[in-house]
Each structure stands twice: as structure tokens, then as C-alpha cells.
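Letter by letter, the chains look like this.
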Amino acid sequence: MLYNSTENKNEVVSASQAIAQGISKDGGLFVPQELPEYDLETIKSLLPLGYKGIAKKVFSDFLCDFTAEEIEDCVEKAYTSEKFGSENPAPIAYKNYNGNDISVLELWHGPTCAFKDMALQILPHLLTKSLKKTNDGKDAVILVATSGDTGKAALEGFKDVEHTKIIVFYPVDGVSPMQKHQMNTQEGSNVKVCAIEGNFDDAQTGVKKIFTTPGISAQLENNNMMFSSANSINWGRLLPQIVYYIAAYCEMVNDGKISLGDKINVVVPTGNFGNILASYYAFCMGLPVNKFICASNSNNVLTDFINTGVYDKNRQFYTTISPSMDILVSSNLERLLYKLSGDSDTTVKEWMTALKSEGKYEVTPEVKDAVKTSFYGGCCDDNATKATIKKMFDEQGYLCDTHTAVAVAVYDKYVSETGDKTPVLIASTASPYKFSKAVLEAVNNGKNLPDSEFDMVDLLNDITKADIPNPLLSLKNKKSRFSDVIKVNEMPDYVLKALGVK
Ligand SMILES: *Cc1c(COP(=O)(O)O)cnc(C)c1O
């Protein structure tokens, strides 16, 4: 299987090249030229395999220039029970909300307590193997723009991985205190963390610019380094996410919640459109899905896009209690548009150029219809998010984080609007303890909150009795290593200096 750029079909690369490079030179994203087909017989054969078995099968169908041994090695190293707390890294909690049964796919049992671990624990292994295949001994420099969770998950995945260096940029006021503490205390000899004065989109645009500035790449080249990306624009981030939707479907069948062949609805709290796109790819491969419910917070650019066919980022940016979704430019939407426009690189390029220059584009009526056929877009604000956390906790004794609550709230809206009772899988993307303040405000019945982050963690634990994940507990008395704050236009210089080439 080969991959090409969404903005230039003639740019064709192998799987390892796509992963090593991260983003295409023309600024487009790498996509597989065709998808493997999983009919019901195939899915049936996956039922007894367990998570790792399913992962090996899916990876081997996509990573055609990897050997079976290499894939085995990557999967076994990534999804250990030491790192994920059990043999199944992505367990399902069967709950009920407002009278409807929901299957909550808990994707946050990894080392940084957010779903990003599912991909970022395996990406360094995929990447180092890809680098060996594709470049002659260059070190990979991973640049990350993060709205909070990617940064920590990438740092944890890449720390002390040979022949890699990682630099993470985060918006100075755009991440939770716990997220900031997680990143600033990061260990490892090859890591660097820096705040920027701006929001996530500024950070992401800054990183993209560094990637595509020829002068900078040349300077790295001269020093035997090359850029790569751990953001969800890297195909190596998306592929591991396809796995858990297929594995979750198998788990629901194995648990007797659905029969093989039954359709499910999938609800995903969405920011950069990576997670939900992975579920859509699983559907294109053959997974029986009826509807994809794309849940946004007050930054509802995707809700409007799904409803109108107009993507318009010229709007107020809100800092919300679900910060990992505070995004106005959802990069991975480009991959969906490529698929829905019948692999039209020229059309996608046109839209992406309009997005850059005018901050806006409108898709064709055909693409708009195709989006609406598969997707439902909904959003909810911070108050509704908190109310959902409280209702879920009061009804079920189940505590969910702010992002997951957005998904549950939008699902609730979807059911009341449509009456569609198809069995539903809801992606739960973070531990509630990563966002203790907001979650406490939801369940604390208006009482005063302590000042320190870890006192809030303790109070939340007192009230709810939900287990505190060990990776967060162990941060309590850890010293900060990083405190740099820079302007967006200082990012290129900062990177070159950090790498010792300036
Ligand atoms: C990253 C993140 C999201 C958004 O995922 P996308 O793939 O960017 O759409 C949602 N919730 C949490 C907790 C996250 O960390």
C-alpha cells in the first residue's frame, strides 16, 4: 500500500516515508491510496484476538514495508499492561445516561491519562523503524504544537528514544494546570518544552511554518537532522486510532451488547478531527457504523461546517474547560474532504489555500451532502458540560472528564432530535483528574475549592471515590524543569537554538 499527499496526487510515498516525514513537502497530508476491506468474516476472525492481535492485523494491512517481526515488536512494546494497567488498553464501561444505554470507550488508561497515549506510545517505535528504512542515519526532530494532551503524551513516548529530539510548544494560557505541570516536569535528555504567547492555532501554524520553510530544513540537513511530526497530521498517529474502534466493536460483540454485523453510532469529542477520522476510516474499511457524531465545545466551527458546508474560522476563539478541543483549524478534516471529493487533490488544495488566505471555504453541494449523510455535528458550552458531568455522576456514580462530557451531552441532544437508538460507542478521551477544577465545580455543589491543583485532586477523590491514576499521583512533588515563554515569531529561532545549530 502506498500513500499520497492530499494536495498533490503525484507525491507518492511508502508507509515508512509517510511516517518519517510526517507531512508532505507541499503542505498536504499523507493518505493511503486505498483501504483494506474488512468484511464480516474478517471481523469475525478478529473477535478472539484481543487488542494486540487486532492491532497486529490492522498494522500489517497498512504498513506494507514493515516486516511482521517489526510490527510485532512495535505492538508488544507499546501496549504493555505496565503502561496501560491491564492487558486491554482500551476497556469499555457500560453505562446509562438519561435513559439510554451507552458504551464508554475509556481511552485514557495510558501513562499520561489521555487518549493520545494510544497512538503516542507506539509512534516512536514506528518512527524509529521508519527512519532506519528511509534516511541515512539522520536524527529525527519532533516538533509538537499541543493544546495540552498531545504534548505530554509525545514527550512521554519519545523521552530518551535514540536518534530523536522533541520540542513541544503549548499556548501559555490554553492548557490546564495539571497539563502544564505534566509537561514542565518531563524527564528525558532529549526533550524541551516551551510556552508561546498565543492560542493553539497560533502554535500549530507556527510549527507548520517551521516544517515548510526550506531554509530551516536545509540547516537541519547540514547537521544531520530532519523534522518529523507527532501531531495527528502524521499518519502514524491516525493508524493506531483505527485499531481501537475495530477492537471496541469486537469487544461489544464479545460482551453480547451487539451481534456481529449490527451497526453502531460513534460519538467523538473532537478538536483536530483526528480521532473521529480514524473511526471513519474504520467504517470505510467495513466496520458497521450508522452515524458519526462529532461533538464540539463552544469552538463550534465543525458543527457549523457539518450543517452548512461552509468552514469559517473567522470567529471568536473561546478558552473552555475542555481545552484539548479549543481549536478553530481542524487539520485532519483535509483528509475527509479528500476522500469525500473522490480523491481530488486539486479541489482540496483550492479549499486549503482559501482557508489560509481568507480563513474560509465552502465545499461543493455533493461533498456537503456526503458529509451530512455520515456525520452529525453538535456542540455544548461549559455550563452544559458541567451539568452533564454532574448528572452522569448522580445517576451512575461514574465520573467523566470535561471532553467526554461534551460528547455525552451532544449525544443526548442527538437522540432527542432524531430518536435514533442505534447502540452507541462514546469515546472517552481523558481522566477526570486531568481537569480536576472544572470537574470539581461540576460535582462540588458550589462549595469553595482549594487553591492547589493536588488539593483539588484529593478533594475530588474524597467526593467521588474515583481512583486517581498513578501517573498523576506521582507528579505531586515533582520539580519543574521548563519555564520558557516566547512569542510566536520567535519559534524558528528557538528551535534552531535548542538544536544547537544557531
Ligand atoms: C486531543 C483531545 C481531543 C480531540 O481529539 P482530536 O483527535 O484532536 O479531534 C479530545 N479530548 C481530549 C482529552 C484530547 O486530548
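The text that follows walks through the structure, step by step, so that each part is easy to find. Computed from a predicted model, the values in this text were never measured in an experiment.

Turning next to the overall build of the protein. Helix and strand counts for the protein come out as 23 helices and 16 strands. Here the C-alpha atoms of the protein give a radius of gyration of 21 Å, agreeing with the 23 Å that 2.2 N^0.38 yields for 502 residues. Expressed along its principal axes, the backbone C-alpha trace of the protein runs to roughly 60 × 50 × 45 Å. Burial analysis of the protein (502 residues in total) assigns 62% to the buried set. Excluding contacts between residues fewer than 6 apart, the proportion of contacts in the protein whose partners are at least 24 apart in sequence is 75%.

Right, let's get into unusual backbone geometry. Comment: phi is negative for the bulk of residues other than glycine, and the bulk of peptide bonds are trans. The residue C113 is not glycine, and still its phi comes out positive at about 65°. Mapping C113 onto the fold places it in the loop between β5 (100-106) and α6 (116-120). Positive phi outside glycine occurs at F273, with the angle close to 70°. Within the secondary structure, F273 sits in the loop between β10 (264-269) and α13 (274-285). For F273, a relative accessible area of 2% gives the class buried.

Here A430 shows up in the loop between β15 (424-428) and α20 (436-443). Residues A430 and C113, spaced 317 residues apart in sequence, show a C-alpha to C-alpha distance of 5.8 Å.

Contact geometry for helix α10 (residues 200-212) and helix α23 (residues 491-498): axes closest at 10 Å, N-to-C directions at 60°. Considered as vectors, α10 and α23 are oriented oblique to each other. In this structure, α10 crosses over α23, and the sense of that crossing is right-handed. On α23, the residues that touch A203, G206, V207 and I210 of α10 are M491, P492 and V495.

What follows deals with empty space enclosed by the protein. If you roll a probe as big as a water molecule over the atoms, it shows you where there is empty space left. Under the counting rule described, the total for this entry stands at 3 cavities of 30 Å³ or more. Within this model, the largest cavity holds a volume of roughly 270 Å³. What lines the largest cavity is a set of 26 residues, among which F115, K116, G271, N272 and S324 lie closest to the centre. Per-element accounting of the lining of the largest cavity gives the leading share, 3 residues, to α13. Its residues assigned to classes, the lining of the largest cavity shows 9 nonpolar, 14 polar and 3 charged. Counted as a void, the second largest cavity has a volume near 40 Å³. Lining the second largest cavity are Q204, V207, K208, N231 and I233. When the residues that make up the lining of the second largest cavity are grouped by side-chain class, the tally is 2 nonpolar, 2 polar and 1 charged.

Attention shifts here to the sheet that holds strand β1 (residues 3-5). If you trace the 3 strands from one edge of the open sheet to the other, you get β2-β1-β3, paired in antiparallel fashion. This sheet does not close on itself; its edge strands, each paired only once, are β2 (8-13) and β3 (30-32). Put simply, the sheet's adjacent strands are angled 40° from each other on average, direction ignored. Pairing of β1 with β3, which is carried by 3 bridges, proceeds in the antiparallel orientation. What sits directly across from S5, in β3, is F30.

Moving on to the site of the ligand. Neighbouring the ligand are 15 residues; K116, D149, G271, N272 and T429 lie closest to it. At 2.8 Å from an oxygen atom of the ligand is found a main-chain nitrogen or oxygen belonging to N272. In the model, an oxygen atom of the ligand is placed 3.5 Å from a nitrogen or oxygen of the S324 side chain. Protein chains bury 98% of the 380 Å² of accessible surface belonging to the ligand in isolation. If you map the ligand onto the pockets, it falls in the largest cavity. Split by residue class, the shell around the ligand holds 5 nonpolar, 8 polar and 2 charged.

Our focus in this paragraph is the sheet that holds strand β6 (residues 139-145). The strand order across the open sheet built from 5 strands is β9-β6-β7-β8-β16, with neighbouring strands paired in parallel fashion. Since the sheet does not close on itself, it has two edges, and those belong to β9 (225-229) and β16 (485-487), each with one partner. Taken over all neighbouring pairs, the strand axes of this sheet differ in orientation by 30° on average, direction set aside. Alignment of strand β8 (residues 191-197) against β16, held across 3 bridges, turns out to be parallel. Paired with I196 across the bridge in β16 is I486. Across the sheet, α10 is in contact with β6, β7 (164-171), β8 and β9; its angle to β6 comes to roughly 155°. Packed on one face of the sheet, α23 meets β6, β7, β8, β9 and β16 and runs near 150° to β7.

Here we take up the packing of aromatic side chains. Here the structure, examined in full by the defined rule, presents 19 aromatic pairs. Ring centres of Y244 and Y245 lie 5.0 Å apart, and the angle between their planes is 50°; this geometry places the pair in the tilted category. We note that Y244, like Y245, is buried. The ring centre of F66 lies 5.0 Å from the NZ or CZ of K133, which sits over that ring. Positioned above the aromatic ring of Y97, the side-chain terminus of K391 is 5.8 Å from the ring centre.

Glancing now at the packing of helix α3 (residues 50-62) against helix α4 (residues 68-78). Where α3 meets α4, the closest approach of the two axes is 10 Å, and the angle between their N-to-C directions is 140°. Judged by the inter-axis angle, α3 sits oblique to α4. For the crossing formed where α3 meets α4, the hand is right-handed. When α3 is examined against α4, the residues K52, A55, K56, F59 and S60 are found in contact with a partner set consisting of I71, E72, V75 and E76. By residue class, the composition of the contact of α3 with α4 is 4 nonpolar, 1 polar and 4 charged.

Cut-off values and rules
- Residues numbered from 1 in each chain as written.
- Predicted model: local features only at pLDDT ≥ 70, side-chain atom pairs only at ≥ 80, totals over all residues.
- Heavy atoms only, no water.
- Helix = DSSP H or I, 4+ residues; strand = E, 2+ residues; numbered from the N terminus.
- Rg over C-alpha atoms; globule rule 2.2 N^0.38 Å.
- Buried < 20%, exposed > 50% of the residue type's maximum accessible area, 1.4 Å probe, protein only.
- Contact = heavy atoms within 4.5 Å.
- Axes fitted to C-alpha atoms, helices over the stretch in contact; angles between N-to-C directions.
- Parallel < 35°, antiparallel > 145°, perpendicular 65-115°, else oblique.
- Left-handed = near helix turned anticlockwise from the far one by under 90°.
- 1 Å grid on protein atoms, 1.4 Å probe; cavity = no way out; pocket = protein on both sides within 12 Å on 5 of 7 lines; lining within 4 Å.
- Points joined across faces, edges and corners; volume = space filled by probe spheres on them.
- Nonpolar A, V, L, I, M, F, W, Y, C, P; charged D, E, K, R; others polar.
- Pairing = 2+ DSSP bridges.
- Near = heavy atom within 4 Å.
- Polar contact = N/O pair within 3.5 Å; in protein donor to acceptor, adjacent residues only side chain to side chain.
- Areas by Shrake-Rupley, 256 points an atom, 1.4 Å probe, with all protein chains shown as cover.
- Sits in = over half its atoms within 2 Å of the grid points.
- Phe/Tyr/Trp six-rings, centres within 6.5 Å; stacked < 30°, edge-to-face > 60°.
- Lys NZ or Arg CZ within 6 Å of the ring centre and 35° of its normal.

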